[in-house]
Amino acid sequence: MKHVIALDVGGTAIKAALVAADNTLLYETRRPTGRDRGPDAVVAGIVELAAELRALGEHRFGESPSAAGVAVPGLVDAATGTAVYAANLGWRDVPLRTLISERLGGRPTALGHDVRTGGLAEGRIGAGRGADRFLFLPLGTGIAGAIGINGRIEEGAHGYAGEIGHIAVRRGPDAPDCGCGGRGCLETLASASAVGRAWARAAGDPAADAADCAKAVASGDRRAQAVWQHAVDALADGLVIGLTLLDPHTLIIGGGLAEAGETLFAPLRAAVAERITFQKLPHIVPAALGDTAGCLGAGLLAWDLLAPEAKLSTEVSV
């Protein structure tokens, strides 16, 4: 059976899979990233895991994987296959595509940005399936984005396209500082971590997080509702900027905050609708693939290396 290797590298874990041409996950595993051992050890672990998957594929399916796809965080140069920089992993200018391809005996290998790769999967075979234009936003520790156009993800001239989390949606002395060096950025106000911090302060509980806030909102807690609405308003402001620029058919919201379901989506849809004027209101939907999106997207990157028409595949088994 023909298959490819898919690796989704995160700050704490590497999710890996063997993926069939119809996007079925034939085998899945997860390993610690091991960032405490340093960037060289992380890279070595990724390469060795790819080699293990090659051997497993040969044993189970009678042939070597045809290609590999790898999704990594941070700054990525997909054209050269270089993992340029990742603060949480400590690496700089790692020729990861070449290292993995060589370890796999010269098999074609693709390298992609983790959020854009997850967005690729959501757009083709997940919540954005059938939409020729979509915007994917995972709301987690921060807020990133992926711009989908006709089955592909727009990377931008320098690989930074889709960084909607760093659009300034608040100005003035009270605008919170952002790690990017700016102030009032969307992710400082509407990410899961931002909501968690705000609710911890409001509730007087340092251990409280965004999930706790969502539960309190659902139970009618007015303090939680105020914190939640503050985040929803900021998110709606950012989304309206995005849809004004990109005119997508679908806005796909993922990440930890989206797990609140209609507690998030009902007020968010209303807030976006209130803000638009001439713009067309897109469908605002939750992501569909969960934590398998990265591996499925990495698999799509690999299949695209072999046959451009692979992007037309619309079947998925998770």
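Quick note: structure is the one above.
Comments concerning the environment of Ala55
Next, step 1: Considering the arrangement of structural elements, one finds Ala55 in helix α1 (residues 39–61).
Next, step 2: The exposure class assigned to Ala55 is partly exposed, which follows from its relative accessible area of 42%.
Next, step 3: Distance from Ala55 to Leu104, taken between C-alpha atoms, is 9.6 Å for residues 49 residues apart in sequence.

Focus: helix α9 (residues 293–306)
Next, step 1: If you check α9, its first and last C-alpha atoms are 20 Å apart, about what 14 residues at 1.5 Å a residue would give, namely 20 Å.
Next, step 2: Burial analysis of α9 places 11 of its 14 residues in the buried class, the great majority of the element.
Next, step 3: Those residues of α9 that are buried are in contact with β1 (3–9), β2 (13–20), β3 (25–32), β4 (68–72), α3 (114–125) and β11 (152–154).

Observations concerning the sheet that holds strand β13 (residues 283–286)
Next, step 1: Pairing within the open sheet is mixed, and its 5 strands lie in the order β11-β10-β9-β12-β13. Each edge of the open sheet carries a strand with a single partner, namely β11 and β13. Here the average twist between neighbouring strands, direction ignored, is 30 degrees.
Next, step 2: With 5 bridges joining them, strand β9 (residues 133–138) and strand β12 (residues 250–254) adopt parallel strand pairing.

Topic: unusual backbone geometry
Next, step 1: A positive phi angle is found at Asn150, which is not glycine, with a value near 50 degrees.
Next, step 2: Inspection of the secondary structure puts Asn150 in the loop between β10 (146–149) and β11.
Next, step 3: Of note, Asp247 is a non-glycine position whose phi angle comes to about 50 degrees, a positive value.
Next, step 4: The topology assignment puts Asp247 in the loop between α7 (222–246) and β12.

As for the pairing of β10
On a regular strand, each side chain points to the face opposite its neighbour's, so the side chains alternate between the two faces of the sheet.
Next, step 1: Relative to β10, β9 is paired through 4 bridges, and the arrangement is antiparallel. Of the residues in β10, the one forming a bridge with Arg133 is Ile149.

Structural notes on the pattern of salt bridges
Next, step 1: A complete count under the given rule lists 14 salt bridges for this structure.
Next, step 2: Between Glu48 and Arg103 there is a salt bridge; the shortest N-O distance is 3.2 Å. With a gap of 55 residues between them, Glu48 in helix α1 and Arg103 in helix α2 (residues 96–103) connect regions that are remote in the sequence.
Next, step 3: We classify Arg103 as partly exposed; its relative accessible area is 38%.
Next, step 4: The partner of Arg170 in a salt bridge is Asp237, with the nearest N and O atoms 2.7 Å apart. Of the two residues, Arg170 sits in the loop between β11 and α4 (187–190) while Asp237 sits in helix α7, which places them 67 residues apart along the sequence.
Next, step 5: Of the residues examined, Arg170 reaches a relative accessible area of 25% and is grouped as partly exposed.

The rules we used
- Residues numbered from 1 in each chain as written.
- Predicted model: local features only at pLDDT ≥ 70, side-chain atom pairs only at ≥ 80, totals over all residues.
- Heavy atoms only, no water.
- Helix = DSSP H or I, 4+ residues; strand = E, 2+ residues; numbered from the N terminus.
- Buried < 20%, exposed > 50% of the residue type's maximum accessible area, 1.4 Å probe, protein only.
- Expected span 1.5 Å × (residues − 1).
- Contact = heavy atoms within 4.5 Å.
- Pairing = 2+ DSSP bridges.
- Axes fitted to C-alpha atoms, helices over the stretch in contact; angles between N-to-C directions.
- Salt bridge = Lys/Arg side-chain N within 4 Å of Asp/Glu carboxyl O.

Limitation: the analysis is restricted to geometry and does not speak to function.
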